[in-house]
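Observations on chain architecture
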Amino acid sequence: MNRQLRIPVIAGNWKMNMGKAQTAELIGALLPLIRAEGCRVILCPTFTSLSTAIELSAGSIIAVGAQNCHWEKTGAYTGEISANMLTELGVSHVIIGHSERRQYFGETDETVNRRINAALAAGLTPIVCVGELQKEREAGLTTQVCGRQIEKALSGLSSGEVGKLIVAYEPVWAIGTGLTATAEQANQAIREIRERIAELYSRALADTICILYGGSMNAANCIELLAQPEIDGGLIGGASLKAVDFAAIVAAAAI
Ligand code: PEP
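Every value quoted in this text rests on a predicted model; they were computed, and no experiment measured them.

**Some remarks on the environment of Ala-21**
Positionally, Ala-21 belongs in helix H1 (residues 20-30). Placed 31 residues apart in sequence, Ala-21 and Thr-52 show a C-alpha to C-alpha distance of 8.6 Å.

**Concerning the nonpolar core**
As a rule of thumb, nonpolar side chains are buried together in soluble globular proteins. Counting residues in hydrophobic clusters, the biggest one holds 70 residues, and the most contacted among them are Ile-10, Ile-116, Ile-193 and Tyr-213. Of the residues forming this core, the biggest block, seven residues, is contributed by helix H9 (residues 183-200).

**Details of the site of the ligand**
Close contacts around the ligand come from 14 residues, with Lys-15, Glu-170, Gly-176, Ser-216 and Gly-237 the closest. Within the side chain of Lys-15, an N or O atom sits 2.6 Å from an oxygen atom of the ligand. Note that an oxygen atom of the ligand is positioned 2.7 Å from one of the side-chain N or O atoms of Glu-170. Starting from 290 Å² of accessible surface for the ligand in isolation, the protein chains cover 96%. Residues belonging to the shell around the ligand are distributed by class as follows: four nonpolar, eight polar and two charged.

**Quick notes on the side chain of Gln-228**
As for its position among the elements, Gln-228 is in the loop between helix H11 (222-226) and strand E8 (233-236). There is a polar contact of 3.4 Å between the side chain of Gln-228 and the backbone oxygen of Glu-224. If near-sequence neighbours (up to four positions away) are discounted, Gln-228 is found in contact with Met-1, Ala-183 and Asn-187.

**Details of unusual backbone geometry**
For Lys-15, which is not glycine, the phi dihedral falls at a positive 50°. The topology assignment puts Lys-15 in the loop between strand E1 (9-13) and H1. Of note in this structure, Ser-216 is not a glycine but carries a positive phi near 55°. Mapped onto the elements, Ser-216 comes out in the loop between strand E7 (210-213) and H11. Residue Ser-216 is classed as buried on the basis of its relative accessible area, which comes to 18%.

**Focus on the side chain of Asn-13**
Examined against the element boundaries, Asn-13 turns out to sit in strand E1. Side chain to side chain, Asn-13 and His-98 meet in a polar contact 3.4 Å long.

**With respect to the packing of aromatic side chains**
A full pass over the atoms with the stated rule returns two aromatic pairs. On the numbers, 6.4 Å between centres and 90° between planes, the contact of Tyr-104 with Phe-105 is edge-to-face. Accessibility classification places Tyr-104 together with Phe-105 in one group, the exposed group. Arranged with centres 6.3 Å apart and planes meeting at 50°, the rings of Tyr-169 and Tyr-213 form a pair that is tilted. Of this pair, Tyr-169 sits in strand E6 (residues 166-169) while Tyr-213 sits in strand E7; the two residues are 44 residues apart in sequence, bridging distant segments of the chain. Per residue, the accessibility class of Tyr-169 equals that of Tyr-213, and both read buried. Directly above the aromatic system of Phe-105 lies the positively charged group of Arg-101, at a separation of 4.1 Å from the ring centroid.

**Quick notes on the pattern of salt bridges**
Taken as a whole, this structure holds 13 salt bridges when the rule is applied. Taking the shortest distance from any N to any O, the salt bridge between Arg-194 and Glu-230 comes out at 2.6 Å. One end of the pair, Arg-194, is in helix H9; the other, Glu-230, is in the loop between H11 and E8, and 36 residues separate them in sequence. For Arg-194, a relative accessible area of 2% translates into the label buried. We classify Glu-230 as buried; its relative accessible area is 15%. Salt-bridge contacts for Glu-195 lead to Arg-203; the nearest nitrogen and oxygen are separated by 2.8 Å.

Reading the values: rules and limits
- Residues numbered from 1 in each chain as written.
- Predicted model: local features only at pLDDT ≥ 70, side-chain atom pairs only at ≥ 80, totals over all residues.
- Heavy atoms only, no water.
- Helix = DSSP H or I, 4+ residues; strand = E, 2+ residues; numbered from the N terminus.
- Core = buried A, V, L, I, M, F, W, Y, C linked by side-chain atoms within 4.5 Å.
- Buried < 20%, exposed > 50% of the residue type's maximum accessible area, 1.4 Å probe, protein only.
- Near = heavy atom within 4 Å.
- Polar contact = N/O pair within 3.5 Å; in protein donor to acceptor, adjacent residues only side chain to side chain.
- Areas by Shrake-Rupley, 256 points an atom, 1.4 Å probe, with all protein chains shown as cover.
- Nonpolar A, V, L, I, M, F, W, Y, C, P; charged D, E, K, R; others polar.
- Contact = heavy atoms within 4.5 Å.
- Phe/Tyr/Trp six-rings, centres within 6.5 Å; stacked < 30°, edge-to-face > 60°.
- Lys NZ or Arg CZ within 6 Å of the ring centre and 35° of its normal.
- Salt bridge = Lys/Arg side-chain N within 4 Å of Asp/Glu carboxyl O.

Dropping the structure here:
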C-alpha cells in the first residue's frame, strides 16, 4: 500500500450468499470487530440483502455495494436492476465485470464498459474487475489480457470519470480456489495495470487509482499481500463471509 497516494479499500463480495437474516447476523458480528481508521470498508451483498445491509450499517464506517447493475435506466430487461435503482436504495458502490459474470453470464469487455458508464452516471463508484485465466498466465499473456480488459473497460471515459473508479485485479485461477497469487505476482500485475492507465491517461491520475487484489485473500495471507507497494487493498470473497476473518483483513489495512 502507498498511503501517501491512496486510501486502502477492503471490500467483501458476498456473491449469492447471505439472505436478509444472515446479513443481519454477519453485520451485527462485524460492527464491534472493525476499526478502520485510514481504510475504507465496503460490503457487497446479494440484491435482496442490500436494504438490510444499508439499514444496519448506517452511521458506521461500512459502505454498501451491489454486485452488478444494468446499463439502461429502465426498460424491458427482465430480471435486471439499474444503477439508478441502486442509488435510490442508498447503495454507493457496484462491482462490475467480476470474472463469474464474465464466465457464467456472458459479460464482455463491451458490457463492462456500458455498466461502468451507467454506474458513474448514477453516482455509484464502480469496482471494476480484471484478471487473466490460468491458461493465459501460463502462456505469458497476463499483461496483455489485463491491459486489454482495462483499456476496453475505460473506453470513452474522461480523466475525471476514471479518477472515481476502484479497480480490482483478480486472477481467475485464484478466485475461490484457495490458490493465491504470490505477493510479487499480484504486485507486478497491478503495477502493469497502473502503467496501462498511465499510458491511456496520465501518470498522475494512475497514481491516484486504488487497485485491489482479489483471489483467495484471507486473514493469513493478507499481511504479505497488503505490504506490497502497488496493492491498495482487497476484494474478498470466501473470507468476507466470516466476521473474524474479514475483520482481521480490515485490521491489516487500517492504521
Ligand atoms: C471474489 O469473488 O472476488 C474473490 C476474490 O473470491 P475469493 O476471495 O473467495 O477467492
